[in-house]
Every structure is written in C-alpha cells, then in structure tokens.
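# Structural description and commentary
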Amino acid sequence: MPELPEVETVKNELLPHVIGRCITGVTLVWEGIVKEPSVDEFQARITGQVITGISRRGKYLMISLSGGDYLVVHLKMSGSLIVSPDSPELLKFVRAIIHLDGDSSIFFRDPRKFGMMRLVSDVDFVERKLGPEPLEDSFTAGVLARRLGKRTAPIKALLLDQKLVAGIGNMYADEALYAARINPWRRGGSLSRREVKCLHGEIQRILWAAISNKGASVDTYFRPDGSEGTAHYEFKVAHGLGGKTCSVCGGPITREVVRGRGTYYCPHCQRLK
Ligand SMILES: [Zn+2]
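Remember, it's a predicted structure, so these values are computed and weren't measured experimentally.

### Some details on the packing of helix α5 (residues 141–148) against helix α8 (residues 193–212)
Orientation of α5 relative to α8, taken along the N-to-C sense of each, is 115°, at an axis distance of 9 Å. Pair α5 / α8 crosses with right-handed handedness. When α5 is examined against α8, the residues Ala-141, Leu-144, Ala-145 and Leu-148 are found in contact with a partner set consisting of Val-196, Lys-197, Leu-199, His-200 and Ile-203.

Right, dumping it as structure tokens:
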C-alpha cells in the first residue's frame, strides 16, 4: 500500500511530466474511481484546465489546476500513476487515463479498485482528516508525545491513525517500531520520554530513507516511469521481508494481528514491558 514515501515519490516524479500541461480529456475505464462530482461534471470541468502544481498531504496527492480546482487523488491499497506505461502488465489494471496535450497521458493503474479521484474547489476536507506531517520541522518529539498523551490503544494502531500523524502506514510503522525497539502492543500513553524521542527519530529516518529509495514496491506500487522503488530492500521486518530471524538477536520474527493489521516484530528486541 502506498504510504508517505511512495506518494511523495509519485509527486516528485510526476511533476516534471505534467506541470504546465493542459488536460485534454479523461477516459474513465472504470467510472467508480471518480467520487466527486458526477462523472459528467468531472469530465466537463477538468477538460481544458492546465496543471499548475502538485502537492502531497499525508497519503493524498493534490494536483492544482488553472481553473482554481484541485484534482485530489488517493492511491489507497494498490494505485499507481504512470506516465505512458510501455508494457502490457502495466496497462492491465488501468482504471482512468488523463490525457494531456502533447500526446502524453497519466494512467491511473489500480488492481484492487480502492483508489479514488475527486475534483474539488478546495482541499479543506483533506486537512480535516489529517494530523501533522511527520517530516516537517514542526513535528518534534514533543509534538508526538503530546499527541500520544494518555492514549491506551496499541502504539502500532496509533501510528496508523492519520489524525495522530499523517502518512504512516503498515510498512513504515513496523519498521519504525522495530528500529526503536518498541513492542507494537504497548499502550501509546505508556511510552517514556526517551522512547518517544527514539521513535520520533526513527520515524523520520525511515521515511527519509524510503523517499531516497523512491518508495517500496512490495505489492503493486510503481513509480511514474513504470519502474519499482527499492525501499523494501532495506526492510528489517515489514511484510516479512526482513526474513524469518531478527538481524539483531537472531531470534524469530513474529507476525501478529494488531487491531486488524498484520504486524511483524521481534518479541525479544521489542519486549513488552
Ligand atoms: Zn531481535
């Protein structure tokens, strides 16, 4: 599932291909991908608008348009935005094609069909859904500590809560908790100041590393040029990609379900205190 580093990569790599380009039309292979407004209005309103910028907030992409609208895209479980895919495999699950002047297009590929597009005149609804950006300077260890407060939910579940902190999903939550040696079942409010500081540092380190590796292609994520990211090569536990044993203690890596999400960790290094 695309998380902050994957969506950030899509933004960075899509930008040079689409900035200043006019949308000449949209082909909706699967109309359900448009959540707002109606399909007819979506197509009529977006056509003729020029792409003036792309920003990211959490796992949302916001493509700003010359008419004052935003095309808000969420890739959800399996989405990718690919510029001119050149293989049958990449074309296989294309749900929408945004045609640009100059004969190129953005292909919205989404095998599992959870992805969505909204054409809106303001993006306040995105802001209301999200907590702070974990890579901004204003997101300090103190901010994380305050947001954890006395919360009693498992820290793993809290890291996935987009209102607590935006952009972290299952993969990077497991990696950050492993690196910080914190058991995923620990109650959020029970973490010591030292533990919160360590977790905060590991969240930032892991997200930056994943961005520099252009995201993790563990499942169906592709970069805009159709290639794969390599962030998962560095996974220690997430998705079981770190192997069956812990690289620190040699003990077995365990998979348990925490609040509905498969969670990998080392029960020895991440002891429940
Ligand atoms: Zn271990």
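Now, onward.
### So, the coordination of the zinc ion
Binding of the zinc ion to the protein goes through Cys-246 (SG), Cys-249 (SG), Cys-266 (SG) and Cys-269 (SG), at separations of 2.3 to 2.4 Å. What the four donor atoms of the zinc ion show is an angle range of 98 to 115° at the metal, which sorts the shape as tetrahedral. In terms of primary sequence, the donors binding the zinc ion are separated according to C-x2-C-x16-C-x2-C. Taken together, the positions of Cys-249 in the loop between α8 and β10 (254–258) and Cys-269 in the segment after β11 (261–265) put the pair 20 residues apart, joining distant regions of the chain.

### A closer look at the sheet that holds strand β5 (residues 70–74)
If you walk across this open sheet you meet the five strands as β2-β9-β5-β4-β3, and the pairing is mixed. Either end of the sheet is taken by a strand with one partner, and the two such strands are β2 (34–36) and β3 (51–57). The sheet shows a mean angle of 25° between the axes of neighbouring strands, taken without regard to direction. Of the pairings in the sheet, the one linking β3 to strand β4 (residues 60–65) comprises six bridges and is antiparallel in character. Pairing of Ser-55 across the sheet is with Met-62, part of β4. Those strands touched by helix α1 (residues 4–18) are β3 and β4, and its axis lies near 170° from that of β3. Against the sheet, helix α2 (residues 39–46) engages β2, β4, β5 and β9 (116–120), with an angle of about 65° to β9.

### Section: the pattern of salt bridges
In this structure the tally under the stated criterion is 16 salt bridges. In this structure, Arg-223 engages Glu-13 in a salt bridge whose closest nitrogen and oxygen atoms are separated by 2.9 Å. Here Arg-223 is found in the loop between α8 and β10, whereas its partner Glu-13 is found in helix α1, with 210 residues between them in sequence. On the basis of relative accessible area, Arg-223 is assigned to the buried category, the value being 17%. Given the relative accessible area of 17%, Glu-13 is considered buried.

### Thoughts on the environment of Pro-252
Turning to its location among the elements, Pro-252 is positioned in the loop between α8 and β10. Residues Pro-252 and Phe-139, spaced 113 residues apart in sequence, show a C-alpha to C-alpha distance of 34 Å. When residues no more than four places from it in sequence are discounted, the contact partners of Pro-252 are Lys-244, Thr-245, Tyr-265, Cys-266 and Pro-267.

### Some details on the environment of Thr-230
The residue Thr-230 is located in the loop between α8 and β10 in this model. Along the backbone, Thr-230 and Gly-149 are 81 residues apart, and their C-alpha atoms lie at a distance of 35 Å. For Thr-230, the contacting residues outside a window of four places in its chain are Asn-213 and Gly-215.

### Topic: unusual backbone geometry
For the peptide bond that leads from Glu-36 to Pro-37, omega is -10°, which places it in the cis range. Here Pro-37 lies in the loop between β2 and α2. A positive phi is found at Arg-181, a non-glycine position, where the angle reads about 60°. Mapped onto the elements of the fold, Arg-181 is located in the loop between α7 (170–179) and α8. Its relative accessible area of 32% is what places Arg-181 among the partly exposed residues. A positive phi angle is found at Arg-259, which is not glycine, with a value near 45°. Following the sequence through the fold, Arg-259 ends up in the loop between β10 and β11.

### Quick word on the environment of Gln-270
Checked against the element boundaries, Gln-270 lands in the segment after β11. Given the relative accessible area of 0%, Gln-270 is considered buried. Here the side chain of Gln-270 touches Leu-177 through a polar contact of 3.3 Å, landing on its backbone oxygen.

### A closer look at the side chain of Asn-183
Structurally, Asn-183 can be placed in the loop between α7 and α8. Polar side-chain contacts of Asn-183 include one of 2.8 Å to the backbone nitrogen of Trp-185. A distance of 2.8 Å separates a polar atom in the side chain of Asn-183 from the backbone oxygen of Gln-270. When sequence neighbours within four positions are dropped, the list of residues in contact with Asn-183 reads Ile-155, Tyr-265, Gln-270, Arg-271 and Leu-272.

What counts and how
- Residues numbered from 1 in each chain as written.
- Predicted model: local features only at pLDDT ≥ 70, side-chain atom pairs only at ≥ 80, totals over all residues.
- Heavy atoms only, no water.
- Axes fitted to C-alpha atoms, helices over the stretch in contact; angles between N-to-C directions.
- Helix = DSSP H or I, 4+ residues; strand = E, 2+ residues; numbered from the N terminus.
- Left-handed = near helix turned anticlockwise from the far one by under 90°.
- Contact = heavy atoms within 4.5 Å.
- Donors = N, O, S within 2.8 Å, 3.2 Å for Na, K, Ca; no water.
- Tetrahedral: all angles 85-135°; square planar, octahedral: opposite > 155°, others 65-115°.
- Pairing = 2+ DSSP bridges.
- Salt bridge = Lys/Arg side-chain N within 4 Å of Asp/Glu carboxyl O.
- Buried < 20%, exposed > 50% of the residue type's maximum accessible area, 1.4 Å probe, protein only.
- Polar contact = N/O pair within 3.5 Å; in protein donor to acceptor, adjacent residues only side chain to side chain.

Coordinates in, geometry out; function isn't part of it.
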